[in-house]
Amino acid sequence: LAYAPVKHLVEKRKTKKIRYSDVFQSASSVPLDRCLRKFQRVPCVLTCTPPLRPGKDYGNGDEDPIGGERIAGFESVFDITDAGLHRPKIVFCKGSQGGRFRQLVKGEDEVRQDAIMSQVFTYVNKLMGRRVGERRSVDGVSHPGVIKRYSGQKKIATYNILPLSPKSGVLEWVEDTIPIFDYLMSVGGKLGAHSRYYPSEWDYSSCSRHFNVKTATPEEKRKLFDEVCERHSPALRFFFLERFGHCAESWHTARMKYTRSVAVSSIVGHVLGIGDRHLRNILIHEKTGVVVHIDFGIVFEQGKLLQIPEIVPFRLTRNIVDAMGPCGTEGTFSKVAEETTSMLRKNARDLLTILSGVVADPLYKWHLDPLEARQWQAERDQQEGRKSVKKKRGRKDTSANGDESAPKSAAAKDVQNQAAIKTINKIKQKLEGYEESTSGDQQGVEGQVQLLINLAQDPSNLSQMYVGWAPYF
């Protein structure tokens, strides 16, 4: 199903409740809703894995494992996503205990990278939950044995990801979330928040057309950026009024959870060099306010190799700050960002050990070659319906099915090893308080956080960003 062609269905605008017979015409192909009939023992639901058991008692396929469900079947229809370069499919898995699990099936995408980033996030969350003994100074007197616990509310939202091959996989659908872009902008005939609250201002298309002048100089780009900001106001604060405005306590709690989650994900994302953080890749939970990041195709600062480099450490644009309230980045955001930075520094050795194994894995391709770097934003242009170069022209698969884990030459391995060493050194520098803009000066925790906030909000930096990243939103 991951590789099933659906272009003819998309062209007919048939993207909902599609029968498997519409894509599986061959008699030898077994539709997903009938593929498990010949098996006596069936696996667990792929996106609802049970917790690890010391006794390895997982039911052996004959009974449900503790804390999980087996696959009872799949519904006879599936959907196609409204966006995405390769249009992933949405299937509905039925559990043996009556559960209904929505899953995203991806093909022609590097799902392993998403899975690895999710594992790193899970480890960071465990660090956040640790008890850390510290000597604290109270009224100028050092008190040993004071125990500090990082709040359980300060963590990165994760979801289950299972790669099935180098270019396909199944992802858990994060229920009750909406892309921030879909809330703010008018999508699919649904009026967005900005159009509802600021009907006379420029919409998304008008802002993009005005800002997207490819021949503009940096000074001209800054002027275009300011002009767009003057004609388009941030509106994300209305999300909390609409979803949680019935109760002042609920509104305050949701906004605090939002601010904390943005702070943690921003600092961790900066250390890991996660890019491509446009508003379609950031979801917001409609019942808690927590942000959920998806699609980690650009990591370890590969965004700086793009045709239009990403020069901000994380996304802290006007809408993101608007939802934090009148204090903006002062207060909760800065405090949580400092605590996250401090936690990462204290556990730098463990984190670097894990990441060293990740970037050195010969079966894992995380770095972009120059051609891929140029094509990344070109493909986004095609997805947005803008004029662009032909996608992946001249690129050849390394094997018959495009498996990038095929054996590499000695030169290619050497290049990857050098890139891995450089990447780990860069992460280590960040964890020690060294940033590119500090001219070799080491920063304290508070100084480093404030520096990153300033860089992320600097209009001179934002105005040089790629139009598809929408830095003015």
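Residues numbered from 1 in each chain as written. Predicted model: local features only at pLDDT ≥ 70, side-chain atom pairs only at ≥ 80, totals over all residues. Heavy atoms only, no water.

**Considering the packing of helix H8 (residues 248-272) against helix H10 (residues 332-346)**
Condition: Axis definition: a line fit to C-alpha positions, over the contact stretch in the case of helices; interaxial angles, taken between N-to-C directions, run 0 to 180 degrees. For helices the rule is a DSSP run of H or I covering at least 4 residues; for strands it is a run of E covering at least 2, with both sets numbered from the N terminus onward. Roughly parallel means an angle under 35 degrees; roughly antiparallel means over 145; roughly perpendicular covers 65 to 115; every other angle is labelled oblique. Throughout, a crossing is termed right-handed when the near helix is turned clockwise from the far one, and left-handed when it is turned anticlockwise from it by less than a right angle. Residue contacts are defined here by distance: any two heavy atoms, one from each residue, within 4.5 Å place the two residues in contact. Here the term charged refers only to Asp, Glu, Lys and Arg, the term nonpolar to Ala, Val, Leu, Ile, Met, Phe, Trp, Tyr, Cys and Pro, and the term polar to all other amino acids, Gly among them.
One way to put it is that H8 packs onto H10 with a least axis distance of 8 Å and a crossing angle of 40°. It follows that H8 is oblique to H10 by the angle criterion. Remark: the crossing between H8 and H10 carries right-handed chirality. Facing Met256, Thr259, Arg260, Val262, Ala263, Val264, Ser266, Ile267, Val268 and Val271 of H8, the residues of H10 in contact are Thr332, Phe333, Val336, Ala337, Thr340, Thr341 and Leu344. Here the residues of the contact of H8 with H10 sort into 11 nonpolar, five polar and one charged.

**Re the side chain of Arg255**
Counted only if it meets this: To sort residues, take the accessible area from a 1.4 Å probe on protein chains only and compare it with the maximum for the residue type: under 20% means buried, over 50% means exposed, and anything in between is partly exposed. When charges are tallied, Lys and Arg are placed among the positive residues and Asp and Glu among the negative ones, while His and the ends of the chain are skipped. Here, a salt bridge means any Lys or Arg side-chain nitrogen found within 4 Å of an Asp or Glu carboxyl oxygen.
With respect to the secondary-structure elements, Arg255 resides in helix H8. With no salt bridge to any partner, buried Arg255 finds its closest opposite charge in Asp322, at an N-O distance of 9.4 Å. Each residue touching Arg255, except ones within four places of it in the same chain, is listed here: Phe240, Ala323, Met324, Gly325 and Pro326.

**A word on the sheet that holds strand E10 (residues 177-179)**
Note the cut-off: Here, strands pair whenever DSSP counts at least two bridges between them.
A sheet is described by the order of its strands in space; here three strands give the open sequence E10-E11-E12, paired in antiparallel fashion. Strands at the two margins of the open sheet, each flanked by one partner only, are E10 and strand E12 (291-293). When strand polarity is set aside, the average angle formed by the axes of neighbouring strands in this sheet is 35°. Pairing of E10 with strand E11 (residues 282-285) involves three bridges; the strand directions are antiparallel.

**Focus: the pattern of salt bridges**
If charged atoms from side chains of opposite charge come close, those side chains can pair. Overall, the coordinates contain 16 salt bridges when judged by the stated rule. Across the salt bridge formed by Lys14 and Asp22, the nearest N and O atoms sit 3.0 Å from each other. With relative accessibility at 23%, the residue Asp22 sits in the partly exposed group. Between Asp322 and Arg237 there is a salt bridge, with the nearest N and O atoms lying 2.8 Å from each other. Of this pair, Asp322 sits in helix H9 (residues 318-322) while Arg237 is found in helix H7 (residues 237-244), placing the two residues 85 residues apart along the sequence. Asp322 sits in the buried class, given a relative accessible area of 16%.

**Focus on helix H11 (residues 348-359)**
For clarity, the cut-off: Here the expected length of a helix is defined as 1.5 Å per residue gap, with one fewer gap than residues. Directions pointing from the helix axis toward each C-beta atom define the arc.
For H11, built from 12 residues, the straight-helix expectation of 16 Å at 1.5 Å per residue is met to within 8% by its first-to-last C-alpha distance of 16 Å. All of the buried residues in H11 are Ala348, Leu351, Leu352, Leu355, Val358 and Val359. Down the axis of H11, the buried side of the element spans an arc of 115°, and every buried residue falls inside it. Facing away from the buried side of H11 by over 90 degrees, the exposed positions are Arg349 and Thr353.

**Describing the state of the cysteines**
Which entries qualify depends on this criterion: The disulfide criterion used throughout: a pair of cysteine sulfur atoms within 2.5 Å.
Taken as a whole and assessed by the stated rule, the structure comprises zero disulfides. Take Cys93: it sits in no disulfide, and the sulfur closest to it among the cysteines is that of Cys48, at 9.3 Å.

**Some thoughts on the confidence of the model for the protein chain**
Put simply, the test is: Known as pLDDT, the predictor's per-residue confidence is scaled from 0 to 100.
Summary statistics for the protein chain give a mean pLDDT of 83 and a share of 81% for residues scoring 70 or more. Averaged pLDDT values for the elements of the protein chain fall to 43 in strand E7 (residues 141-149) and rise to 97 in H9. Under a pLDDT of 50 for its full length, residues 386-406 has, in the predicted model, 38 contacts with residues more than four places off or in other chains.

**Concerning the nonpolar core**
Selection criterion: We call a set of buried Ala, Val, Leu, Ile, Met, Phe, Trp, Tyr and Cys residues a nonpolar core when their side-chain atoms join them within 4.5 Å.
Ranked by internal contacts, the top residues of the largest apolar core, which has 93 residues, are Tyr258, Leu272, Phe300, Leu316 and Tyr472. Sort the elements by how many residues they give to this core and helix H2 (residues 111-129) lands first, with 10 residues. Grouped together as the second largest cluster of nonpolar side chains are 17 residues, Leu9, Tyr20, Phe24 and Ile71 included.

**Concerning the packing of aromatic side chains**
In plain terms, the rule: Stacked, tilted and edge-to-face pairs are distinguished by plane angle, under 30 degrees for stacked and over 60 for edge-to-face with tilted covering the rest, among Phe, Tyr and Trp rings (Trp via its six-membered ring) whose centres lie within 6.5 Å. In our convention, an over-ring charge means Lys NZ or Arg CZ found within 6 Å of a ring centre and within 35 degrees of that ring's normal.
Within this structure, the stated rule accounts for 13 aromatic pairs. Measuring from ring centre to ring centre gives 5.3 Å for Phe240 and Tyr258, while their planes differ by 65°; the resulting arrangement is edge-to-face. Placement of the pair is Phe240 in helix H7 and Tyr258 in helix H8, with a sequence separation of 18 residues. Among the residues examined, Tyr258 registers a relative accessible area of 0% and is labelled buried. In this arrangement the basic side chain of Arg315 is found over the ring face of Trp469, its NZ or CZ atom lying 4.2 Å from the centre.

**A short note on the packing of H7 against H8**
In contact at an axis separation of 9 Å, H7 and H8 are set at 140° when each is read in the N-to-C sense. Comparing the axis directions of H7 and H8 gives the class oblique. With respect to the hand of their crossing, H7 and H8 are arranged in right-handed fashion. Contacts from Phe240, Leu241 and Phe244 of H7 reach H8 at Ser250, Trp251, Ala254, Arg255 and Tyr258. Here the residues of the contact of H7 with H8 are counted per class, giving six nonpolar, one polar and one charged.

**Looking at the pairing of strand E9 (residues 168-172)**
Along E9, four of the five residues are buried, which leaves the element largely enclosed by surrounding structure. As judged from the five bridges shared by strand E5 (residues 100-107) and E9, these two strands associate in the antiparallel manner. Bridging from a neighbouring strand, Leu104 pairs with Leu171 of E9. The pairing of strand E8 (residues 161-165) with E9 spans four bridges and is antiparallel. Across the sheet, the residue bridging to Ser165 is Ser168, located in E9. Here E8 hands over to E9 after two residues, the two strands then running antiparallel side by side.

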